Amino acid sequence: MKKFIETIKNIYKIEELRKRIGYTLLLVLVYRLGSFILLPGLDPEVLKASMGDTQDGLLGLLNMFSGGAFGNASIFALGVMPYISASIVVQLLGMFVPSFRKMQMEGESGRRKMNQITRYLTILILAIQGPAYVTGMIPAAARTVAWSSFTFNLVSTIILMAGSIFVMWLGERITDRGIGNGISLIIMIGIVARLPYALFAEAVQKFTGNGVGGAMFFIVEMIVWVFVIIAAIALVQAVRKVPVQYAKRVIGNKQYGGVRQYIPLKINAAGVMPIIFAQALMMFPMLLGRYEATRGVAAAFSSYTSIWYNLVFGLLVIVFTYFYTAVTVNPTMMAEDMKRNGGFIPGVKPGKKTADYLDSIMSRVTLPGSIFLAIIACLPAVANLIGINNQFASFFGGTSLLILVGVVLDTLQQIESYLLMRHYDGLMKTGRLTGRSGM
């Protein structure tokens, strides 16, 4: 406790860090307040009764990422998901389209161009998702204004687009002038907002005797939850270090290179994206319930706690982990950059041999990482089966836990770098936070 108080004092002493944290908290507060502002012309009671189906499946995932704004028909209902979708599309284009690949290699100017393209694509996605949300999620009975359907849909769509763009702007401002990655922090805040209520509901259920196991079972839950969080941290932090030797160069009176460094290849380079993709695909079997011949298949996948659902879900997570890792990690580009800077892996020829070597290592380390990720993705279903309520069970794994762990580690890493730059002790007595590179 004394170490913690001392760290807080050190953070407060650094003026820039203090201002950045305060600025971040202010913008997060603005985002949370906006999440409770409904679209104009809606009856909140009717809306609440009709939005009960947004707690499960892909709709539940969207509602979680928006901190409940999606299910409340808030002005921030679409949140940052259109921006994330646009970012994924641009990232994929960077792997397959030569002009986008060239922009990726142009440094800061290329990054600005791709960010601008991402913003334009976000507006295009919003123009599609906005009307779909208004017509598909908001019932006519919840409308209290005497507007025509076209007028209501148009006004609501414009407000939703403006709200989502404003949230995107908040995220960028946090990244530039605050602490941590702004978009990731906004998603994390939306998830954390649900945690106190879910934990309180689980505690009340167990201590009042309405749940399975009683108070002792609740204590065991907390212990298991801590170990699951530790396992998730290990998954996010784990890397395979590949040694790289840089050739010695003498320029003038100075010597460059001649040192050994390491390339940290992450065991889970795909982050939470495989789980998101897999959850989106698991919605399709439910559509088969409309047909008589395939209702049995739809019934087998109707519950996220069923064996068939989790078996297919886990396999999809493993497949998408390999796919997304192959898209985001480019061994050929890494080998070219290494060769250009005079680096080489001891015992491996530069060029194609190095690329093949890095590719083989990524293939080997991705297998245990993908299996571990699939287990974490299926843990909420296991937690629900043993008597934990749906809301708290979602924090035992899946996207909720991985995003929380990843964003917190990334933010703490930035705070620690400020402390170490000012010659203060870091956040830990031993070791250093390695953080992560992205979502």
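Up top you'll find the structure we're talking about.
Residues numbered from 1 in each chain as written. Predicted model: local features only at pLDDT ≥ 70, side-chain atom pairs only at ≥ 80, totals over all residues. Heavy atoms only, no water.

A.B. asks: When you look at the overall build of the protein chain in this model, what are you seeing that I'm missing?
C.D. replies: When helices and strands are counted, the protein chain shows 18 helices and five strands. The buried share among the 439 residues of the protein chain stands at 43%. Long-range contacts, defined here as pairs at least 24 residues apart, represent 69% of the contacts in the protein chain between residues at least 6 apart. For the protein chain, the computed accessible surface area is about 22,800 Å², with 66% contributed by carbon and sulfur atoms. (Helix = DSSP H or I, 4+ residues; strand = E, 2+ residues; numbered from the N terminus. Buried < 20%, exposed > 50% of the residue type's maximum accessible area, 1.4 Å probe, protein only. Contact = heavy atoms within 4.5 Å. Areas by Shrake-Rupley, 256 points an atom, 1.4 Å probe, with all protein chains shown as cover.)

A.B. asks: Hey, could you run me through the environment of Thr321 in this one?
C.D. replies: Here Thr321 shows up in helix H14 (residues 307–328). The class of Thr321 is buried, set by a relative accessible area of 1%. In sequence terms Thr321 and Ala278 are 43 residues apart; their C-alpha atoms lie 9.9 Å from each other. Leaving out residues up to four positions away in the same chain, Thr321 has contacts with Ala270, Pro274, Thr366, Ser370 and Leu373.

A.B. asks: Any chance you could explain the side chain of Thr411 here in plain terms?
C.D. replies: Within the secondary structure, Thr411 is located in helix H18 (residues 398–421). In terms of polar contacts, Thr411 uses its side chain to reach the backbone carbonyl oxygen of Val407, at 2.9 Å. Contacts of Thr411, omitting those with residues within four sequence positions, involve Ile179, Gly180 and Leu185. (Polar contact = N/O pair within 3.5 Å; in protein donor to acceptor, adjacent residues only side chain to side chain.)

A.B. asks: Could you clarify how one ought to interpret the nonpolar core in this entry?
C.D. replies: Buried together is how nonpolar side chains tend to be arranged in soluble globular proteins. Tyr133, Phe313 and Leu402 are the most contacted members of the largest nonpolar core, which totals 82 residues. Counting twelve residues, the second-largest nonpolar core is a separate cluster that includes Val244, Ile263, Val348 and Leu358. (Core = buried A, V, L, I, M, F, W, Y, C linked by side-chain atoms within 4.5 Å.)

A.B. asks: Looking at this model, I keep getting lost on the sheet that holds strand S5 (residues 343–344). Mind explaining?
C.D. replies: Note: strands within a sheet are paired through backbone hydrogen bonds, in either parallel or antiparallel orientation. Taken together, three strands build an open sheet; the order of strands is S4-S1-S5 and the sheet is antiparallel. One side of each edge strand has no neighbouring strand; the edge strands of this open sheet are strand S4 (260–266) and S5. Examined bridge by bridge, strand S1 (residues 239–246) and S4 share seven bridges and lie antiparallel to one another. Across the sheet, Gln245 pairs through a bridge with Arg260, a residue of S4. (Pairing = 2+ DSSP bridges.)

A.B. asks: Help me understand the pattern of salt bridges, please; the structure alone is not making it clear to me.
C.D. replies: Pairing between side chains of opposite charge can happen when their charged atoms approach one another. All told, the structure shown has eight salt bridges when counted by the stated rule. Linking Arg340 and Asp337 is a salt bridge whose minimum nitrogen-to-oxygen distance equals 2.7 Å. Here Arg340 and its partner Asp337 are both found in helix H15 (residues 331–340), three residues apart, which amounts to about one turn of the helix. Residue Arg340 is classed as exposed on the basis of its relative accessible area of 55%. Each of Glu202, Lys206 and Glu221 takes part in one network of salt bridges that share partners. (Salt bridge = Lys/Arg side-chain N within 4 Å of Asp/Glu carboxyl O.)

A.B. asks: Please explain the pairing of S1 as it appears in this structure.
C.D. replies: Residues in a regular strand point their side chains to alternate faces of the sheet. Here S1 runs beside S5; their pairing, made up of two bridges, is antiparallel. When the bridges of S5 are listed, Tyr246 appears paired with Gly343.

A.B. asks: Hey, could you run me through a nonpolar patch on the surface in this one?
C.D. replies: Nonpolar side chains collect at one region of the surface, where Met216, Ile219, Val220, Ile223, Val224, Val226, Phe227 and Ile230 lie side by side and expose about 750 Å² of accessible area between them. With respect to the helices and strands, Ile230 occurs in helix H11 (residues 214–237). You can call Ile230 partly exposed: its relative accessible area is 47%. (Patch = residues over 30% accessible without salt bridge, like charges linked within 9 Å, V, L, I, M, F, W, Y side chains within 5 Å.)

A.B. asks: How should I be thinking about helix H16 (residues 352–385) in this particular structure?
C.D. replies: An α-helix turns once every 3.6 residues. As a result, residues three or four positions apart point the same way. Relative to the 50 Å expected for 34 residues at 1.5 Å per residue, H16 spans 49 Å between its end C-alpha atoms, a close match to the ideal helical length. Of all the bends in H16, the largest measures some 35 degrees and sits at Leu379, one to four residues before the proline Pro380. A positive phi of about 110 degrees marks Gly387, the residue just after H16. (Expected span 1.5 Å × (residues − 1). Bend = angle between axes of the 7 residues up to and from the residue.)

A.B. asks: I tried to follow the packing of helix H2 (residues 15–34) against helix H8 (residues 149–177) on my own but got confused; where do I start?
C.D. replies: Helices that pack against each other are described as a pair by the angle of their axes relative to one another and the distance between those axes. It is the contact of H2 with H8, at a shortest axis distance of 9 Å, that shows an interaxial angle of 170 degrees. With respect to H8, the axis of H2 lies roughly antiparallel. Between H2 and H8, the residues in contact are Arg20, Tyr23, Thr24, Leu27, Val28, Val30 and Tyr31 and Phe166, Val167, Leu170, Arg173, Ile174, Asp176 and Arg177, respectively. Per-class residue counts for the contact of H2 with H8 are nine nonpolar, one polar and four charged. (Axes fitted to C-alpha atoms, helices over the stretch in contact; angles between N-to-C directions. Parallel < 35°, antiparallel > 145°, perpendicular 65-115°, else oblique. Nonpolar A, V, L, I, M, F, W, Y, C, P; charged D, E, K, R; others polar.)

A.B. asks: Teacher, can you tell me more about the packing of aromatic side chains here?
C.D. replies: Aromatic ring pairs are described here by two measures, namely the spacing of the ring centres and the angle between the planes. Summed over the entire model, instances satisfying the criterion amount to seven aromatic pairs. Their ring planes at 65 degrees and their centres at 5.5 Å tell us that Phe207 and Phe218 sit as a pair that is edge-to-face. Residue Phe207 is located in helix H10 (residues 195–207), and its partner Phe218 is located in helix H11; the two are separated by eleven residues in the primary sequence. Overall, the relative accessible area of 11% leaves Phe218 in the buried class. With centroids separated by 5.3 Å and ring planes inclined at 65 degrees, the aromatic side chains of Trp225 and Phe392 adopt a geometry described as edge-to-face. Of the two residues, Trp225 is situated in helix H11 and Phe392 in helix H17 (residues 390–393); the sequence distance between them amounts to 167 residues. As far as the burial class goes, Trp225 and Phe392 line up, both buried. What links up through ring pairs into an aromatic cluster is the set Tyr31, Phe76, Phe166 and Trp169. For Arg18, the ring lying beneath its charged end belongs to Tyr12, and the centroid distance is 4.7 Å. The residue whose ring lies beneath Lys241 is Tyr262, and the NZ or CZ to ring-centre distance is 6.0 Å. (Phe/Tyr/Trp six-rings, centres within 6.5 Å; stacked < 30°, edge-to-face > 60°. Lys NZ or Arg CZ within 6 Å of the ring centre and 35° of its normal.)

A.B. asks: So what exactly am I meant to see when it comes to the environment of Arg240 here?
C.D. replies: Take Arg240: it is sitting in strand S1. Of the residues examined, Arg240 reaches a relative accessible area of 32% and is grouped as partly exposed. Through-space distance from the C-alpha of Arg240 to that of Met362 is 8.8 Å; in sequence the pair is 122 residues apart. Non-local contacts of Arg240, meaning those with residues more than four positions away in its chain, are made with Ile263, Pro264, Leu265, Tyr357, Ile361 and Val365.

A.B. asks: Looking at this structure, how should I read the side chain of Asn153?
C.D. replies: Locating Asn153 in the fold gives a position in helix H8. Contacts of Asn153, omitting those with residues within four sequence positions, involve Val134, Thr135 and Arg143.

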